[in-house]
There are 2 protein chains.
Amino acid sequence: MNTSARLQAVPASPIRKLAPDAEKAKALGVKVYHLNIGDPDIHTPLEMLSVLRNWDQNPIPYELSQGSHELLNAFEYYYRGLGYSFITTHHIQVTSGGSEAISLALFATCEPGDEVVVFEPFYANYNNYAVTTGVKLVAVTTVIENGFHLPDINAIESKITAKTKAILICNPNNPTGVVYTQTEMDMLVKLAKKYHLFILSDEVYREYVYDEAKHISLFSYMEDIPSQAIVLDSVSKRYSLCGARVGMLVSLNSDLMAGVLRIAQGRLSCGYIDQKLTAKLIDIPENYISDVQKEYDKRRIVLYEGLKQISGLVVHKPEGAFYIIVKLPVNDSEAFCSWLLTDFRDNNETVMLAPAGGFYVTAGNGINEVRIAYVLNSNSLNRSIQILKKALEVYGHK
Amino acid sequence: MNTSARLQAVPASPIRKLAPDAEKAKALGVKVYHLNIGDPDIHTPLEMLSVLRNWDQNPIPYELSQGSHELLNAFEYYYRGLGYSFITTHHIQVTSGGSEAISLALFATCEPGDEVVVFEPFYANYNNYAVTTGVKLVAVTTVIENGFHLPDINAIESKITAKTKAILICNPNNPTGVVYTQTEMDMLVKLAKKYHLFILSDEVYREYVYDEAKHISLFSYMEDIPSQAIVLDSVSKRYSLCGARVGMLVSLNSDLMAGVLRIAQGRLSCGYIDQKLTAKLIDIPENYISDVQKEYDKRRIVLYEGLKQISGLVVHKPEGAFYIIVKLPVNDSEAFCSWLLTDFRDNNETVMLAPAGGFYVTAGNGINEVRIAYVLNSNSLNRSIQILKKALEVYGHK
């Protein structure tokens, strides 16, 4: 029996498609440094984990579909701390990770076949959500040579058609590490106003900006374009809670929030335990986030300086998040990434990287690039750089 | 800014749409007996909760997209215990509750606009998943007078068109309590073969069958129609784990499982903690499930016998699950259910029921029916019956 054509069209995740090769290598006793996925080794705050150790509730019931009162209040508190006190619990929908928030936003803003402007390379799973919601992603290409900042307004405007319903950004950016400037954000908001578009801003790496970069949140425009602005968020990276599937969709558009809640009611609720745990964010000491930010900054420098020493690589210094796109001296980075797992060992160790082709929609773009996540500690990063250098020497240019 | 027409088309859940009225009543100090939702008061096994109290893992990472090895092995063990030893970990996708499993199955089997035959009244959230996946539910009506068993084959066959891709059943049934007989299951499988359809069988209430009823699982046909059979499952009701969002989609169709995994990779993983907890199902004493089954059976009798004493009601004895559809002597059950929450109090207590109109797609069907979940203990059920009886006397026939 044939499955649907749309199921066949769902792309494999470039972040996870090589996982079987990695599993095989590990089964053979090979140590694999996972730089392919943004799954940090940073500790989850103990204030959160103590919820588990003190658990005394039984049974484990459904939570409210919008999210628990306790967690919605905690998020209101968090956004107020950022200076966005106009965000109240009414404007927040708790989602099963940032993933569900993005899917909901695409469904809520687009009819099947409608278009959303994105900037490639972009978070590869957007392709996945686009297929499952029947939306077409139309890509404006950004390039490593100017640190993946936006091209001029005409290049973006030329991609807007009668079917365009939204602009989707990730800021700070996964996979490029770009942090959009005030000028860039102003430009996007101007376009949204001119063409009556939604702006969807994925800000799950909000706290991770470095050097002189400053995060300009879509929240700072939200009261100006209340019906058009949608922020997509998640606690996964902020508190090292990737496995607690808790994200949020935030908007002042009450029609949109009501519709999103109806969908949320259909899937009943997000995890009860995960929400209890996450609500403790109000108890976390202020220095937790800044310490984590400093640790990622340190890793960023280690990785960037290390990669610069490898001849033939094109690298740029990431301004935010915890990823970097690197151009390799190979013709097909997916073949190289696969070879790293299946064939290459240095002292019985290897590295897993994410081939970047899947972060583009334009065919041929990114095929000699990889995404590296700097989620491991500096020692592991240094060792990974060493392995990558040796591997490129063995692999040669092919 | 207008949201999409498809967002506007997402129906409000009849199970949860009156929740704001209930919240208001409770804020006023009114005790509300929740018979509207299948959120049991039965205890979650302590073997599962001890995972929380002994938690020592930090951070909380992503789990594998298919599901944790440990949980997949536990499910394989569970299905083997039921006699389906042909089900191995390769045939199981862990999902965020049964909800995600059903949505994935609709997406995987249908193009937008394709049709799925269902038997109304059906679990209301199917309407929700149908809108979000762009699928049309075509309903064969079943009636209370014969306990919601299936009509003859011609009545079903007449609903099958060139666009029909699947038959979706819930067995044991939410909301009707019907358990399909061997003859009925044979008929459905015969139709699936004749018209080359998928059969999707939602079996989350598998263990809860009563009296002479016997659950005939789609698993018992799966080796005969390996590419067509998909079982949708969940641990929510089996272990009182509604708030641990863990379900499963099970099929021998390898193309389908590969596609479903690609979607699952896009949303990264289900909850790490919830999966750790659920994997302990292998340690639960054998009598846990049978004791729970006995408890629901007791409540079923209490509810059924109690409702029979109220004049003007049409009831049938449920054969499985923990719901009953009741025909009330009112014209509009939604207005009545709302009135129960906003106006009626007996000793400052009231009951919340789910109006059944939302469990039908045929306009006008079910508008004088409600669904009652017997998830509360016998004392609460007896008190709820008393309240309902008084309320109907006050409300009169309108």
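Notes on the structure in this doc start here.

Criteria and thresholds
Residues numbered from 1 in each chain as written. Chains lettered and ligands numbered in written order. Predicted model: local features only at pLDDT ≥ 70, side-chain atom pairs only at ≥ 80, totals over all residues. Heavy atoms only, no water. Least-squares fit on C-alpha atoms with pLDDT ≥ 70 in both. Contact = heavy atoms within 4.5 Å. Buried area = accessible area lost by both parts, 1.4 Å probe. Salt bridge = Lys/Arg side-chain N within 4 Å of Asp/Glu carboxyl O. Polar contact = N/O pair within 3.5 Å; in protein donor to acceptor, adjacent residues only side chain to side chain. Helix = DSSP H or I, 4+ residues; strand = E, 2+ residues; numbered from the N terminus. Nonpolar A, V, L, I, M, F, W, Y, C, P; charged D, E, K, R; others polar. Buried < 20%, exposed > 50% of the residue type's maximum accessible area, 1.4 Å probe, protein only. Axes fitted to C-alpha atoms, helices over the stretch in contact; angles between N-to-C directions. Parallel < 35°, antiparallel > 145°, perpendicular 65-115°, else oblique. Left-handed = near helix turned anticlockwise from the far one by under 90°. Pairing = 2+ DSSP bridges.

## Some points on the relation of the copies chain A and chain B
One copy of the chain maps onto the second through a rotation around an axis plus a translation along that axis. Mapping chain A onto chain B leaves a residual RMSD of 0.0 Å; the transformation is a rotation of 180 degrees accompanied by 0.0 Å of translation along its axis. What the superposition gives is, in effect, a two-fold axis relating one chain to the other. Minimal C-alpha separation from the rotation axis in chain A is found for A:Arg53, amounting to 2.1 Å. Here 100% of the contact residues of chain A are again contact residues in chain B; the copies associate through an equivalent surface.

## Here's the deal with the interface of chain A and chain B
Tallying the contact residues gives 87 residues for chain A and 87 residues for chain B. The largest per-residue losses of area from chain A upon contact with chain B belong to A:Met1, A:Arg6 and A:Tyr62, which jointly make up 14% of the total buried on that side. Taken together, the connections running from chain A to chain B amount to zero salt bridges. Counting across the interface, chain A meets chain B through 46 residue pairs in polar contact (both at pLDDT 80 or more). At the level of secondary structure, the elements contributing two or more residues to the side of chain A that touches chain B comprise α1 (5–9), α3 (46–53), α5 (97–109), α6 (125–133), α10 (254–266) and α11 (272–278) of chain A. Examining the composition of the side of chain A that touches chain B, we find that eight residues originate from one element, α10(A), more than from any other. Taken together, the residues of the side of chain A that touches chain B break down into 40 nonpolar, 32 polar and 15 charged.

## Structural notes on the pattern of salt bridges
If the charged atoms of two oppositely charged side chains come close together, the side chains can form a pair. Residues and elements named next belong to chain B. Enumeration according to the criterion identifies 51 salt bridges over all chains in this entry. Between Glu 70 and Lys 280 there is a salt bridge whose closest N-O contact spans 4.0 Å. Of this pair, Glu 70 sits in helix α4 (residues 69–81) while Lys 280 sits in the loop between α11 (272–278) and α12 (287–308), placing them 210 residues apart in sequence. The partly exposed category is assigned to Glu 70, whose relative accessible area is 34%. Using a relative accessible area of 25% as the deciding quantity, one classes Lys 280 as partly exposed. For Glu 349, the salt bridge goes to Arg 383, with nearest N and O atoms at 2.6 Å.

## A closer look at unusual backbone geometry
With an omega dihedral of 20 degrees, the bond running from A:Asn174 to A:Pro175 counts as a cis peptide bond. On the secondary structure map, A:Pro175 appears in the loop between β5 (164–170) and α8 (182–195). Backbone torsion omega between B:Asn58 and B:Pro59 reads 0 degrees, so that peptide bond is classified as cis. When you line up the elements, B:Pro59 lands in the loop between α3 (46–53) and α4. The residue A:Asn347 is not glycine, and still its phi comes out positive at about 55 degrees. Inspection of the secondary structure puts A:Asn347 in the loop between α13 (333–342) and β10 (349–352).

## A look at the packing of α5(A) against α10(A)
Residue and element names in this part refer to chain A. For the pair α5 and α10, the least separation of the axes is 10 Å and the interaxial angle reads 120 degrees. Classified by the angle between their axes, α5 and α10 sit oblique to one another. Crossing of α5 against α10: the hand is right-handed. Two secondary-structure elements touch here, α5 through Leu 104, Phe 107, Ala 108 and Thr 109 and α10 through Leu 256, Val 260 and Ile 263.

## Considerations on the environment of A:Pro59
You can call A:Pro59 buried: its relative accessible area is 15%. Not counting the four nearest positions on each side in its chain, A:Pro59 is found in contact with B:Pro40, B:Asp41, B:Ile42, B:His43, B:Thr44 and B:Ser240.

## Notes on the sheet that holds strand β9 (residues 323–327) of chain A
Residues and elements named next belong to chain A. Sheet architecture is open: three strands sit in the order β9-β12-β11, paired in antiparallel fashion. Strands at the two margins of the open sheet, each flanked by one partner only, are β9 and β11 (354–355). Sheet analysis places β11 next to strand β12 (residues 369–373), joined by two bridges and oriented antiparallel. Opposite Ala 354, over in β12, you have Arg 371 as the bridge partner.

## Comments concerning the side chain of B:Thr176
All names here are of chain B. Topologically, Thr 176 is positioned in the loop between β5 (164–170) and α8 (182–195). Polar contacts involving the side chain of Thr 176 include one to the side chain of Asn 173, which spans 2.9 Å. Residues in contact with Thr 176, not counting those within four places in the same chain, are Pro 121, Phe 148, His 316, Pro 318, Tyr 323 and Ile 325.

## A look at the pairing of strand β2 (residues 92–95) of chain A
Residues and elements named next belong to chain A. Side chains Ile 92 and Val 94 project from β2 onto one buried face, and the interleaved Gln 93 and Thr 95 project onto a second face that is buried too. Here β2 runs beside strand β8 (residues 247–251); their pairing, made up of four bridges, is antiparallel. Its bridge partner being in β8, Ile 92 is matched across the sheet by Val 250.

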